[in-house]
Amino acid sequence: MTTSNPFFEPSDLPYELPPFARIRNDHFLPAFTRGMADQRDEVAAIGAGVEPATFENTVEALERSGAVLDRVRRVFFNKVSADTDEEIQALEVEITPRLAAHDDLLLLDPALFGRLDALYEQRGKLGLDEEQLRLLERHHTHRVRAGARLAPEQQRRLRELNAEIAALCTEFGQNLRVDTAAAALVLDRAEELAGLPADQIAAAAENAQALGHPGKFVLALKNFSCQTELAALEDPALRERLLAASLGRGVDSNGPIAVSLAGLRAERAALLGYPSHAAWEVADRTAGTTAAVEELFGRLAAPAVANAEREGAALAEAAGVAEIGAADWQYYSERVRKERFDLDAAALRPYLELETVLHDGVFHAAGLVYGITFTRRPDLVSYHPDAHIYEVHDADGSPLGLYIGDFHARESKRGGAWMDSLVAQSKLLGQRPVVVNNLNVARPPAGEPVLLTWREVNTLFHEFGHALHGLFSDVRYPLLSGTRVPRDFVEFPSQVNEMWADWPEVLAHYARHHLTGEPLPAELPARLREAENFGAGFRMVEHQAAAVLDWAWHTLTDGEVPDAGAAEEFEAAALERYGLAMAAIPPRYRTGYFAHIFNFGYAAGYYGYRWAEVLDADTVRWFRENGRSIRESGEIFRRELLGRGGSVDPLAAFRAVVGRDAEIGPLLDRHGLTD
């Protein structure tokens, strides 16, 4: 190991952007090895300190530790998600259990915990400010919840469980990548794709060429159940094939892994003193208890199903059948929207060109609301040619951070859309934020415009909301930076940002025909909102079904986990139990490809999207009705909530903005439901 490894020293690039031009795959393992060793030594030195514990020599020292590991970890896992290869996947398998063991060492170190515990017991007498007190409490809580008070033999088993869970999560994700690629539909003739817009057919041809099927057409699967092409494909048999391919992913490879993960998590929860993994998770989230989550499910399920059944009846009538099938739901939804609302989703796409949506929509809205500006930095090298870097400046011209947009699908990228942080904002470390947004928009043939669906436009605004949460972070300590908030709160700011997609002033600024420059016809936005309301029942049931599926897996108690081959039966029983077993509306994610909960950090947390939407819908109403200008409201939202990260209680931050606790009424109104 030599100092030539780019992770061994802070980057000298603007904002400490990782030096991607110098980073090679063979740098990762030495950097992980050294980074973990360095942090072990740093933590050992903190625990062995001869001076009495103080906030500075214990808590702040802990915040300063692990610099090398933090740098390599952020870059590596961004690469795992956004630009992987066989070498990276093999290293992921090797390094993930080692990282789990390292994290356990930090969380369970008895000497360090003893010093933190002593400080925690006298925290009211230490003269700490609000953020320092919050930091001490979070470090202490993390360790208690992680098992710091367990007996040595219990901790030994806990470490084993954590290593097994980490390894299985990695295996699940890698299986899913393989299964998703293998399930893509390869078609011989363009005529089979009748109904798709010409640019999507051309993209399918480009995709086939890239995947080694010249002269053919490939429909690659997105990570969710109901593939977007179902709305347009005219061939009902092809629609059936496409949906079956989507729903069948991971049944054989990942079903048994999901069962194992549920069992291991249930055992770990019992070891930590909780009846289930869900109970352990929500105890440190804004929901607080499993009963609160169950209550939310109960209030939403019946009206959502009733709304969806009304929609289904209208679709069956349009199709001339007694009952609509899952593969046909989206297709006939589009027909009903055209008939009822005179709205053709495909006809919207020419007005939604990616670069225009980004610059004149997403960035423009951020300027209107928060006063910030974006400047392309082609002189800075990113991790992939598709990933473009922008420098962000505040309203007064001062530098804020870097934003990286990586929007195209490719074989080396996992499915879905997400935000990552390559550098977390911290006044203690003198760091400004570097954040990344990833989408999976199909690449058209060379020279053709990238035209988005309305759903993709909303996704871009959503993920940018996460980016703003990271960019606006204004805290001292890394543990409290940006999106380091409870899982059932983290989606709230991003969902709020979706409101700007169809805000009249914003929509008029970006929705222009890519050839003629003509604005979106003035009457279309209202029809678009009406058409979106028509599909609210489907979307609510689809999402709630996934949420209760996650919940069912993670409310299992130790010892009641099903047999390894029973994942599908368990899933069906769970949906029936929660009143969401609608054959025509599959869960947004089924067990075999539910990466949120079996590969990433959303286990027992997928409910958080809907939980956070209660806050989101109420906040949107506040933006619309508080009597202030958009700019004034934006400053309040930024100052009191986005900028605070995890440095304050999240619900207190919400109250500081809206002035009261959240109400569910705006959420029910949004989806056309009655409480």
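Cut-offs used in this document
Residues numbered from 1 in each chain as written. Predicted model: local features only at pLDDT ≥ 70, side-chain atom pairs only at ≥ 80, totals over all residues. Heavy atoms only, no water. Helix = DSSP H or I, 4+ residues; strand = E, 2+ residues; numbered from the N terminus. Rg over C-alpha atoms; globule rule 2.2 N^0.38 Å. Buried < 20%, exposed > 50% of the residue type's maximum accessible area, 1.4 Å probe, protein only. Contact = heavy atoms within 4.5 Å. Areas by Shrake-Rupley, 256 points an atom, 1.4 Å probe, with all protein chains shown as cover. Lys, Arg positive; Asp, Glu negative; His and termini not counted. Charge placed at Lys NZ, Arg CZ, Asp CG, Glu CD. Salt bridge = Lys/Arg side-chain N within 4 Å of Asp/Glu carboxyl O. Phe/Tyr/Trp six-rings, centres within 6.5 Å; stacked < 30°, edge-to-face > 60°. 1 Å grid on protein atoms, 1.4 Å probe; cavity = no way out; pocket = protein on both sides within 12 Å on 5 of 7 lines; lining within 4 Å. Points joined across faces, edges and corners; volume = space filled by probe spheres on them. Pairing = 2+ DSSP bridges.

For the protein chain, the count of helices and strands is 26 helices and seven strands. Relative to the globule expectation of 26 Å for 675 residues, the C-alpha radius of gyration of the protein chain, 25 Å, shows essentially globular dimensions. Over its C-alpha atoms, taken along the principal directions, the protein chain stretches across nearly 80 × 60 × 55 Å. Burial statistics for the protein chain: of 675 residues in total, 58% are counted as buried. Across the protein chain, the fraction of contacts at a sequence separation of at least 24, relative to all contacts at a separation of at least 6, is 75%. Entry remark: accessible area of the protein chain is about 26,400 Å², with carbon and sulfur atoms responsible for 51%. One finds the centroid of the 68 positive side-chain charges in the protein chain at a distance of 3 Å from the centroid of its 101 negative side-chain charges.

Here we come to the pattern of salt bridges. If you walk through the whole model with that rule in mind, you get 50 salt bridges. In this structure, Arg123 engages Glu137 in a salt bridge whose closest nitrogen and oxygen atoms are separated by 3.8 Å. One end of the pair, Arg123, is in the loop between α5 (110-121) and α6 (130-146); the other, Glu137, is in helix α6, and 14 residues separate them in sequence. For Glu137, a relative accessible area of 25% gives the class partly exposed. A salt bridge links Glu635 to Arg631, with the nearest nitrogen and oxygen atoms 2.6 Å apart. One end of the pair, Glu635, and the other, Arg631, are both in helix α24 (residues 630-640), four residues apart, so they sit about a helical turn from each other. For Glu635, a relative accessible area of 28% corresponds to the partly exposed category. Look at Arg631 and you get partly exposed, because its relative accessible area is 28%. A single salt-bridge network, built from bridges that share partners, covers Glu153, Arg156, Arg157, Glu160, Glu164 and Glu267.

One pass over the full model with this rule turns up 38 aromatic pairs. Judged by centre distance (6.0 Å) and plane angle (85°), the ring pair of Phe297 and Tyr578 falls under edge-to-face. Taken together, the residues Phe297 in helix α12 (residues 290-319) and Tyr578 in the loop between α21 (567-577) and α22 (595-598) connect sequence positions 281 residues apart. In this pair, the class of Phe297 matches that of Tyr578, namely buried. Between Tyr370 and Phe472, the aromatic rings sit 4.9 Å apart at their centres with planes inclined by 65°, giving edge-to-face as the arrangement. A residue pair is termed long-range when its members are at least 10 positions apart, and Tyr370 in helix α15 (residues 354-370) and Phe472 in the loop between α16 (454-471) and α17 (487-497) qualify at 102 residues. Residue Tyr370 is classed as buried on the basis of its relative accessible area, which comes to 3%. Counting every residue linked through ring pairs, the aromatic cluster contains Phe489, Phe492, Trp500, Trp503, Trp622, Phe623, Phe637 and Phe654.

Moving on, we get to the environment of Pro444. Within the secondary structure, Pro444 sits in the loop between β7 (434-441) and α16. In this structure the C-alpha to C-alpha distance between Pro444 and Gly559, which are 115 residues apart in sequence, comes to 51 Å. Setting aside residues up to four positions removed in sequence, Pro444 forms contacts with Ala203, Glu206, His408, Pro449 and Val450.

Gaps between atoms show up when a probe of the same size as a water molecule is rolled over them. One pass over the full model with this rule turns up three cavities of 30 Å³ or more. Roughly 150 Å³ of internal volume is contained in the largest cavity. Breaking the lining of the largest cavity down by element, the ones donating at least two residues are α3 (67-82) and β6 (418-423). A per-element tally of the lining of the largest cavity places α3 first, with four residues.

Sheet topology places strand β3 (residues 373-376) next to strand β4 (residues 388-393); four bridges connect them, and they run antiparallel. The residue bridging Phe374 from the neighbouring strand is Val392, located in β4. Connecting the antiparallel pair β4 and strand β5 (residues 399-408) is a turn made up of five residues, with Gly397 showing a positive phi of about 90°.

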